[in-house]
Amino acid sequence: MKPNNEQVEILFHTKSEQEVLLYLHSSHNGLSEDEAVNRLGSYGQNKLEEGKTKSIFEKFLEQFKNVMVIILLVAAAISGFMHEITDTIIILVVVIINAVLGVVQESKAEKALAALKKMSSPHVMVKRDGNVKQVNTEDIIPGDIVLIEAGDYIPADMRLLQSSSLKIEEAALTGESVPAEKITSKIDKSEIVIGDRRNMAYSGSSVTYGRGMGVVTATGMNTEVGKIAGHISNTESSQTPLQKKLAEMSKYLTVGIIAISVAIFLAGVLQGRNYFEMFLTAVSLAVAAIPEGLPAVVTIVLAMGVQKMAKKNSIVRKLSAVETLGSTEIICSDKTGTLTQNKMTVKEVYLDGKLHSAQEFDEDNRSFAVFTHSLVLCNDSKTAKTDEDTVSYLGDPTETALTNFASLKGIHKDMIDTITPRVDEIPFDSERKLMTTIHQINGIHRAITKGAPDVLLERCNRILLNGETKSLTQKQKEDIIEGNRAMAAKALRVLAVAINDMDQIPESVTSDQIEIDMVFVGLVGMMDPPRPEVKEAVRICSEAGIRPVMITGDHRDTAAAIARELGIIKNEDEVITGIELDKMSEEAFETSVRQFSVYARVSPEHKVRIVKAWKKQGKVVAMTGDGVNDAPVLKAADIGIGMGITGTDVAKGVSNMVLADDNFATIVIAVEEGRKIYSNIRKAIQFLLSSNLGEVVTLFVATMLNWTILFPIHILWVNLVTDTLPALALGVEKAERDVMKQKPRKANSSFFSDGVGFSIIYHGLFKGSITLAVYYLGFNLYTQEIAMTMAFATLGLIQLTHSLNVRSNTKSLFSLGIFSNLYLIVAIALSAVLQLIVIVVPALSEIFKVKPLNLPQWGIVLCASLLIIPIVEIAKLLHNKRAGSLSN
């Protein structure tokens, strides 16, 4: 029977293992690479169909749903009815250009988010051509042999072929909160619900315990979850807290500006001015001054920042994390792989009551065979590839280090696995800190356990000495503890190994049945050196007001040695163990949490306590995690950070951010980027709001004085030309040099704090006043038309020159370097050219009702436009002097 490319539903749970493999034309060695490529072309990618996306035209039409745009269109229609064709054309052109810009911005944001989604897509381990390899979940097809373990998401529907204590959480499909225990034998009943098909694993569920292997039976929309999803889109659309704040602020501003527009309209009418002219002026002001473009600018700046972060190995899964990053005060980090290199090498061995260096330890030792065989048998690493000279291993770095060590001693995992096959196991879990496998050896069953020395030693009552089993004495226990401490003091990660021989396997293979009365074999100490860049990252954290906290399952001495080397602690008083933490009440821990920077021998439950204690101190906490049991703490933290290399799919799935390189230094880089992005968003919004305020001040005061300073088309044009490009250019401003020497901002701090609100007000007042002054001067020196043209030119150009000011509220423009943001210079140049064109080109100047200006008049406009720079520079100088005197 040929595999069915249409993926017609077959009741695979009723088929035997051989029948399923035969139907799918597969085997335990998996598909060949060529067959996988062919099937991918036939079946398509393993992903759910997303709902119909909006077309460009639909996006374009949506831009006209804004209330103010509708009012503007009404104004255009009235202008046409009144035979003011020029006004009608100008208004429509402005509206259409704004709509096009809106579509471009929306499309850019969507593409950026789609790229992020692609970067954070999970991978899965499959067998191809008999070799284990990692592939993207979208590229698996029916017939693929998939390996799964605790923490993995099930990537597609599968018929299970192997199950070792395998438990899968299927609540999303079955509603059952308790994980289902899985089997591999066929089920005779055909008409049973999904929850009772215990030999199947379904897409969207997750492995909570054990490990297994299965053959893919359905992918994409043919999976059970795909049938439920149907045509429903699986994309989400949500606003970040900042976007919500700005949306709310925009509502209040809209009400205020509409009130001012109504006041201007009434004032003009009372002064006897043309009703229709005042209506257009009021509407134009409202449209120009209401910051309806704020959400789009914020989204684009966030998206651009997130893309840049992705290039630096920080894959942000939720935009809100970018805002929170800038407020981070505590970074709780796992030690292994994040603060250290996760490149394990066996350095020392404790065997027969003595410490040996890894190089000296050899097969002459009488306990050698039992010890090295145990290291490779109680081990889930796999042979990744083999050539004539080298063998490499795939799996957990600790286990691959043990396998490599044994290989160097002539003990090869593939060979030993064949001779002494694994018949059962008790997978590792972070609660008991042990892993056990059971093997057939010379007619008996041997349980081999490796794990935390302090935990495993308590389960031993015998010891292997010179190849013989003896009773374990108290003195020998003390020697083992001292050997463990000696290795831990050298910053070695230490594991203990024990065995238990049984005539037969108990019916219940549990820890209580197997991991008792064991024979202690030895200790193995591995070096996982600190990442060289982390020490500098810790120093930067200190300067930035961020406290790094190390959390590890390792021995206290190992953790303290690494933390001291990295500069996280200075003395032993800052270290606490999980046992000591258990003895502390919540109240006592919350009051003393600031005392500790290193937590050793902790479980995932302890991590939750640590995060909650810091949060009760009002701190913003980031937390790293990689295991399935880390999901609760990743959710509890303000920023959950998943590990891209060693992290499970479950951990990455609940994280706000994923580290592509599992590096602590990358977190610090991400915090810096987060601070920069938030700062740039503030700059862009400060620029937009101060510009809008300048327009409001100009129109409001001029109307009160009965001046005809600007026509409606002037207001719309200035708003169109000066807003978008400079605001976006400010969004890519480089981080200020001292951005990581400032204390974190409080998460609940106002967007307008640190003088931003005051700056918006005085910047707007000055720009409006300067524009009014230019009009007054032009009116008295020249004519009304020239004065209006000068005011129009000044209002546009002063916005552009002012964009240079808002690059920093404290640093002088000249210390930053005028040309250090080339994007802004280009944006200013383009906008200025557009502003000048409508004045100097005769055909356009007639449409815009302006007059050509001579050199003296342009001189006045230019000087007035540049005047805002020294005004703001003086204000910055006074502010810095005041801040300096207050700090002293």
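### What about the overall build of the protein chain?
Of the regular secondary structure elements, the protein chain holds 32 helices and 26 strands. Evaluated residue by residue, the protein chain yields a buried proportion of 53% over its 888 residues. Taking as baseline every contact in the protein chain between residues at least 6 positions apart, the subset at least 24 positions apart corresponds to 72%. Total accessible area on the protein chain is roughly 39000 Å²; 58% of this is exposed by carbon and sulfur atoms.

### Focus on the side chain of Glu 425
Within the secondary structure, Glu 425 is located in strand S14 (residues 422–429). Only 3.0 Å separates the side chain of Glu 425 from the side chain of Ser 164, close enough to count as a polar contact.

### Things to note about helix H30 (residues 822–840)
Over its 19 residues, H30 runs 26 Å from end to end, which matches the ideal 27 Å to within 8%, given 1.5 Å per residue. Of all the positions in H30, only Leu 824, Ala 827, Ile 828, Ser 831, Ala 832, Gln 835, Val 838 and Ile 839 are classed as buried. All buried residues of H30 lie within an arc of 125° about the axis, which places them on one face of the element. Exposed residues lying more than 90 degrees from the buried face of H30 are Leu 822, Tyr 823 and Val 840. Here H30 starts with a cap whose side-chain oxygen sits 3.2 Å from the backbone nitrogen of Tyr 823, and that cap is Asn 821.

### Points about the packing of aromatic side chains
Scanning the model with the defined rule gives ten aromatic pairs in all. When the centroid spacing of 6.3 Å and the interplanar angle of 90° are considered together, the rings of Phe 589 and Tyr 599 count as edge-to-face. Residue Phe 589 is found in helix H21 (residues 586–592), and its partner Tyr 599 is found in strand S23 (residues 598–600); the two are separated by ten residues along the sequence. The class for Phe 589 is buried, based on a relative accessible area of 0%. A relative accessible area of 0% places Tyr 599 in the buried class. Ring geometry for Trp 717 and Phe 848: centres 5.2 Å apart, planes at 70°, overall edge-to-face. With Trp 717 in helix H26 (residues 712–730) and Phe 848 in the loop between helix H31 (842–847) and helix H32 (855–887), the pair connects residues that are 131 residues apart, well separated along the chain. Exposure remark for Trp 717: the relative accessible area of 12% places this residue in the buried category. An aromatic cluster of three or more residues is present, and its members are Trp 707, Tyr 775, Tyr 776 and Phe 779. Taking the ring centre of Tyr 209 as reference, the NZ or CZ of Lys 167 above it sits at 5.6 Å. If you follow Lys 849 out to its NZ or CZ, it ends over the ring of Phe 711, 5.1 Å from the centre.

### Here's the deal with H26
Taking 1.5 Å of rise per residue, 19 residues should cover 27 Å, and H26 covers 28 Å from first to last C-alpha, within 8% of that figure. Of all 19 residues that make up H26, 18 are buried, and the element is covered over most of its length.

### What to know about the pattern of salt bridges
Applying the stated criterion across every chain yields a total of 42 salt bridges. Asp 417 is the salt-bridge partner of Lys 413, the closest N and O atoms lying 3.2 Å from each other. Of this pair, Lys 413 and Asp 417 both sit in helix H14 (residues 413–419), four residues apart, which is roughly one turn of the helix. Overall, the relative accessible area of 4% leaves Lys 413 in the buried class. The partner of Arg 432 in a salt bridge is Glu 515, with the nearest N and O atoms 3.0 Å apart. Here the residue Arg 432 occupies a position in the loop between S14 and strand S15 (434–441), and Glu 515 occupies one in the loop between helix H17 (511–514) and strand S20 (518–527), the gap between them amounting to 83 residues. Here the two residues Arg 432 and Glu 515 agree in accessibility, since each one is buried. Through salt bridges that share partners, Glu 33, Arg 128, Lys 133 and Asp 144 make up one connected network.

### A word on a nonpolar patch on the surface
On the surface, Val 833, Leu 834, Ile 837, Val 840 and Val 841 cluster together into a nonpolar patch covering about 360 Å² of accessible area. Structurally, Val 841 is set in the loop between H30 and H31. Residue classification places Val 841 among the partly exposed residues on the basis of a relative accessible area of 31%.

### Section: the sheet that holds strand S26 (residues 657–659)
Strand order across the open sheet formed by eight strands is S8-S26-S25-S24-S9-S21-S23-S22, with mixed pairing between neighbours. The strands lining the two open edges of the sheet, one partner per strand, are strand S8 (314–316) and strand S22 (575–577). With direction set aside, neighbouring strand axes in the sheet form an average angle of 20°. With three bridges joining them, strand S9 (residues 330–334) and strand S24 (residues 621–625) adopt parallel strand pairing. Opposite Ile 330, over in S24, you have Val 621 as the bridge partner. Sheet strands in contact with helix H25 (residues 664–704) are S8, S9, strand S21 (547–551), S24, strand S25 (639–643) and S26, and its direction is about 155° off that of S9.

### Concerning the side chain of Thr 223
With respect to the helices, strands and loops of the structure, Thr 223 is situated in the loop between strand S7 (206–218) and helix H7 (224–229). A polar atom in the side chain of Thr 223 sits 2.8 Å from the backbone oxygen of Gly 220. Ignoring sequence-local partners within four residues, the contact set of Thr 223 consists of Leu 48, Ala 156, Asp 157, Ser 203 and Ala 218.

### Remarks on the nonpolar core
Grouped together as the largest cluster of nonpolar side chains are 112 residues, with contacts concentrated most on Ile 568, Phe 664 and Phe 792. It is H25 that contributes the most residues to this core, 17 residues altogether. In contact with Phe 664, not counting residues within four places along its chain, are Ile 331, Ser 333, Thr 338, Leu 339, Val 534, Ala 537, Val 538, Cys 541 and Pro 548. Counting 28 residues, the second-largest nonpolar core is a separate cluster that includes Ala 358, Phe 368, Ala 406 and Val 519.

### Things to note about the pairing of S20
Of all ten residues that make up S20, nine are buried, and the element is covered over most of its length. Sheet topology places strand S10 (residues 345–351) next to S20; six bridges connect them, and they run antiparallel. Along S20, the bridge assignment pairs Thr 345 with Met 527. By the bridge criterion, three bridges tie strand S17 (residues 460–465) to S20 in an arrangement that is parallel. Following the sheet pairing, Arg 462 is matched in S20 by Val 519. Note: strand S19 (residues 492–502) against S20, eight bridges, orientation antiparallel.

### Description of the confidence of the model for the protein chain
On average, residues of the protein chain carry a pLDDT of 85, and 89% of them reach 70 or more. Note that residues 1–5 has pLDDT below 50 and, in this model, 14 contacts with residues that lie over four places away or in other chains. Throughout residues 230–237 the model reports pLDDT below 50, and contacts reaching past four residues in sequence, or to other chains, amount to eleven contacts.

What counts and what doesn't
- Residues numbered from 1 in each chain as written.
- Predicted model: local features only at pLDDT ≥ 70, side-chain atom pairs only at ≥ 80, totals over all residues.
- Heavy atoms only, no water.
- Helix = DSSP H or I, 4+ residues; strand = E, 2+ residues; numbered from the N terminus.
- Buried < 20%, exposed > 50% of the residue type's maximum accessible area, 1.4 Å probe, protein only.
- Contact = heavy atoms within 4.5 Å.
- Areas by Shrake-Rupley, 256 points an atom, 1.4 Å probe, with all protein chains shown as cover.
- Polar contact = N/O pair within 3.5 Å; in protein donor to acceptor, adjacent residues only side chain to side chain.
- Expected span 1.5 Å × (residues − 1).
- Arc of directions from axis to C-beta.
- Phe/Tyr/Trp six-rings, centres within 6.5 Å; stacked < 30°, edge-to-face > 60°.
- Lys NZ or Arg CZ within 6 Å of the ring centre and 35° of its normal.
- Salt bridge = Lys/Arg side-chain N within 4 Å of Asp/Glu carboxyl O.
- Patch = residues over 30% accessible without salt bridge, like charges linked within 9 Å, V, L, I, M, F, W, Y side chains within 5 Å.
- Pairing = 2+ DSSP bridges.
- Axes fitted to C-alpha atoms, helices over the stretch in contact; angles between N-to-C directions.
- Core = buried A, V, L, I, M, F, W, Y, C linked by side-chain atoms within 4.5 Å.
- pLDDT = per-residue confidence, 0-100.

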